Amino acid sequence: MNSLTVAGFMSGTSMDGLDCCISHISIDSNEKLKYKIIAQKSFEFDSSLKAKIKKQIGQTDKFQINKINEYLGNKFLSLSKDFLLDHSFDCISLHGQTIHHKDKVRTIQVGSPLNMASFFRVPVIYNFRQRDIELGGNGAPLMPFLDWLIFKDSGKNILTLNLGGISNLSFIPEESNKEQVIGFDTGPGMCLIDQCVERFWSEDYDSNGKYSASGNVNALMLEYLLKTTPFIMQSIPKSTGREQFGKDFIDNVIKKFRNLKHSDILRTFIKFTSLSIKLNVEKFIPNKFEINELVVSGGGTLHPALMSDIEKDLDIPIVDIVDYGIESKFKESLLMAVLGYAKIKNIKSNMPSVTNSSRNIVLGDICEFK
């Protein structure tokens, strides 16, 4: 049979939890995607687990990597086991937690697939970025593959924006083929906002904008951020992560502008995030004024100030991905299910126009159960 039921798992740069989307998937010979979402659920990381992961960001020591790999593999299984036992599926697709990524050089995702493979006795597909890097690509972002499958026959010029910890864009021109798709990370999504809230108020995020609502954008801080963050205007292809927009970045800015109100610092980070997206659209997306829809997804869509800034700065009609039948929070885990399906069915799923790899290949490795 052409169809498979795949349990896709994603733990992103926000490091807030593990999202699972179980989907019935098929892709035909014309690369037409059909999917039916069977079940989905998020498993939150407690403060102890978040702290463990954050300590490993940028880690390259093999002993430490193996240690956190095994630990997270056990955690992923324990968090999701009861939920998965209520459903049937043909395979599992596990992205893992990215702790290190450098374009064209190395990428490390941790969370051993062996635990799930052994327990559920199904293949687990993992390690989706490495082969693209071996062919000279960036290995990221992965989302443009799903965006192209969903929107290539829409009859519209579609720009998608995924607001996770990092923001990434995909541009799918009307009646496009794979080679015309553009996709890249623009810079911060929610990562600076969340870290700022954690630093000042010891909370995980700015719930309903309660802390940023009283803040004002500081022009000097905004100018500083735009002038001293070269990634924003770096040429594509490009991808980034917590190594660049993590604790050191936050600490340096807060130290320089320590006399500002905390709410003003937060509000300025929000505006910087929106402007970094705007500048990338203007520089790298062709026919900016012919874009029919900006389709948004990710946790950042829930932040009122960020979405208000994006609406004003980009001036493009905004549509939530839920209008296309996908719950925003679970788009990335649906992506993983689709990539897992593509691996099993030997479908080439990297996007050389996005990553600059030398050719199309099938992404991922398979961990067989023992």
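Keep in mind that this is a model prediction, so the values were computed, not measured.

Novice: What am I meant to see in the packing of helix α6 (residues 191–201) against helix α8 (residues 247–256) here?
Specialist: The relative placement of two packed helices is expressed as an angle between their axes plus a distance between the axes. Interhelical geometry of α6 versus α8 gives an angle of 65° and a closest axis separation of 10 Å. Both α6 and α8 take part in a crossing whose hand is right-handed. Contacts from L192, Q195, C196, R199 and F200 of α6 reach α8 at K247, F249, I250, D251 and I254. Grouping the amino acids of the contact of α6 with α8 by side-chain chemistry returns six nonpolar, one polar and three charged.

Novice: Teacher, can you tell me more about the pattern of salt bridges here?
Specialist: Applying the stated rule across the entire model yields 15 salt bridges. Across the pair K54 and E198 runs a salt bridge, and its minimum N-O distance is 3.0 Å. Residue K54 is found in helix α1 (residues 47–55), and its partner E198 is found in helix α6; the two are separated by 144 residues along the sequence. One salt bridge connects K227 with E223, and the closest N-O pair in it is separated by 3.0 Å. Residue K227 and its partner E223 are both found in helix α7 (residues 219–227); the two are separated by four residues, about one turn of the helix. Residue K227 is classed as exposed on the basis of its relative accessible area, which comes to 66%.

Novice: I keep staring at the nonpolar core and nothing clicks. Help me out?
Specialist: What tends to happen in soluble globular proteins is that the nonpolar side chains get buried as a cluster. Ranked by size, the top nonpolar core spans 47 residues in total, and within it L159, F269 and I310 carry the most contacts. Sorting elements by how many residues they give to this core places helix α9 (residues 262–284) first, with nine residues. Excluding anything up to four places from it in sequence, I310 contacts L161, L163, S274, I277, L294, D315 and I318. Core analysis: the second largest hydrophobic core is formed by 37 residues, L4, L142, L334 and A337 among them.

Novice: Even after reading the chapter, I still don't get the pairing of strand β2 (residues 17–27), so can you show me in this structure?
Specialist: Counting buried positions over the eleven residues of β2 gives ten, a clear majority of the element. In this structure, strand β1 (residues 4–11) lies alongside β2, joined through seven bridges in antiparallel fashion. For F9, the partnering residue across the bridge sits in β2 and is C20. Counted along the chain from β1 to the antiparallel partner β2, the turn is five residues long, and its residue M15 has a positive phi close to 55°. Bridging between β2 and strand β3 (residues 33–44) involves eleven bridges; their strand directions are antiparallel. When the bridges of β3 are listed, G17 appears paired with E44. Hairpin connection, β2 to β3: the antiparallel pair is bridged by five residues, and E31 has positive phi, about 60°.

Novice: For this particular structure, what's the right way to read the packing of aromatic side chains?
Specialist: Evaluation of the coordinates by the stated rule reveals ten aromatic pairs. Geometrically, the ring pair formed by F245 and F249 is tilted, given 5.2 Å between the ring centres and 55° between the ring planes. As far as the burial class goes, F245 and F249 line up, both buried. One aromatic cluster in this structure is built from F89, F119 and F120. The positively charged end of K52 is found above the aromatic ring belonging to Y71, 4.9 Å away from the centroid. Across from the ring centre of W148, 5.2 Å away, lies the NZ or CZ of K152, which sits over that ring.

Novice: What am I meant to see in α8 here?
Specialist: Think of an α-helix as turning once every 3.6 residues; residues three or four places apart then point the same way. For α8, the set of buried residues is F249, I250, V253 and I254. Along the long axis of α8, the arc covered by the buried residues comes to 120°, so they all point the same way. The exposed set on the far side of α8, more than 90 degrees from its buried face, consists of K247, D248, K255 and K256. Residues of α8 that are buried in the fold lie against α6, α7 and α9.

Novice: Just to check I follow, could you spell out helix α10 (residues 304–314) for this structure?
Specialist: Restricting attention to buried positions, one finds in α10 the residues A305, L306, M307, D309, I310, D313 and L314. Those residues of α10 that are buried lie in contact with β7 (158–163), α6, α9, β10 (293–297) and β11 (318–320). Looking one or two places after α10, you find D315, whose phi comes out positive at around 50°.

Novice: For this particular structure, what's the right way to read the environment of V197?
Specialist: Within the secondary structure, V197 is located in helix α6. Accessibility expressed as a relative area gives 0% for V197, which makes it buried. Separated by 14 residues in the primary sequence, V197 and Y211 place their C-alpha atoms 7.9 Å from one another. Contacts of V197, omitting those with residues within four sequence positions, involve S202, E203, Y205, D206, Y211 and L266.

Novice: Could you clarify how one ought to interpret the environment of P141 in this entry?
Specialist: Within the fold, P141 resides in the loop between α4 (130–134) and α5 (143–151). Judged by its relative accessible area of 10%, P141 falls in the buried class. Residues P141 and P230, 89 residues apart in the sequence, show an inter-C-alpha distance of 19 Å. With residues near it in sequence (within four places) discarded, P141 still touches R129, N168, G183, F184, D185, K238, V354 and T355.

Novice: Is there a simple way to explain the sheet that holds β11 in this structure?
Specialist: Sheet strands line up and pair through hydrogen bonds in the backbone, either parallel or antiparallel. One open sheet holds the five strands; their spatial order is β9-β8-β7-β10-β11, and the pairing between them is mixed. Edge strands, defined here as strands with exactly one partner in the open sheet, are β9 (182–188) and β11. Neighbour to neighbour, the strand axes of the sheet diverge by 25° on average, direction disregarded. Summarising the sheet, β7 and β10 pair through five bridges and their orientation is parallel. Pairing of L159 across the sheet is with L294, part of β10. Most of the contacts of α9 go to β9, to which it runs at about 150°, and overall it touches β7, β8 (166–172) and β9.

Parameters and conventions
Residues numbered from 1 in each chain as written. Predicted model: local features only at pLDDT ≥ 70, side-chain atom pairs only at ≥ 80, totals over all residues. Heavy atoms only, no water. Axes fitted to C-alpha atoms, helices over the stretch in contact; angles between N-to-C directions. Helix = DSSP H or I, 4+ residues; strand = E, 2+ residues; numbered from the N terminus. Left-handed = near helix turned anticlockwise from the far one by under 90°. Contact = heavy atoms within 4.5 Å. Nonpolar A, V, L, I, M, F, W, Y, C, P; charged D, E, K, R; others polar. Salt bridge = Lys/Arg side-chain N within 4 Å of Asp/Glu carboxyl O. Buried < 20%, exposed > 50% of the residue type's maximum accessible area, 1.4 Å probe, protein only. Core = buried A, V, L, I, M, F, W, Y, C linked by side-chain atoms within 4.5 Å. Pairing = 2+ DSSP bridges. Phe/Tyr/Trp six-rings, centres within 6.5 Å; stacked < 30°, edge-to-face > 60°. Lys NZ or Arg CZ within 6 Å of the ring centre and 35° of its normal. Arc of directions from axis to C-beta.

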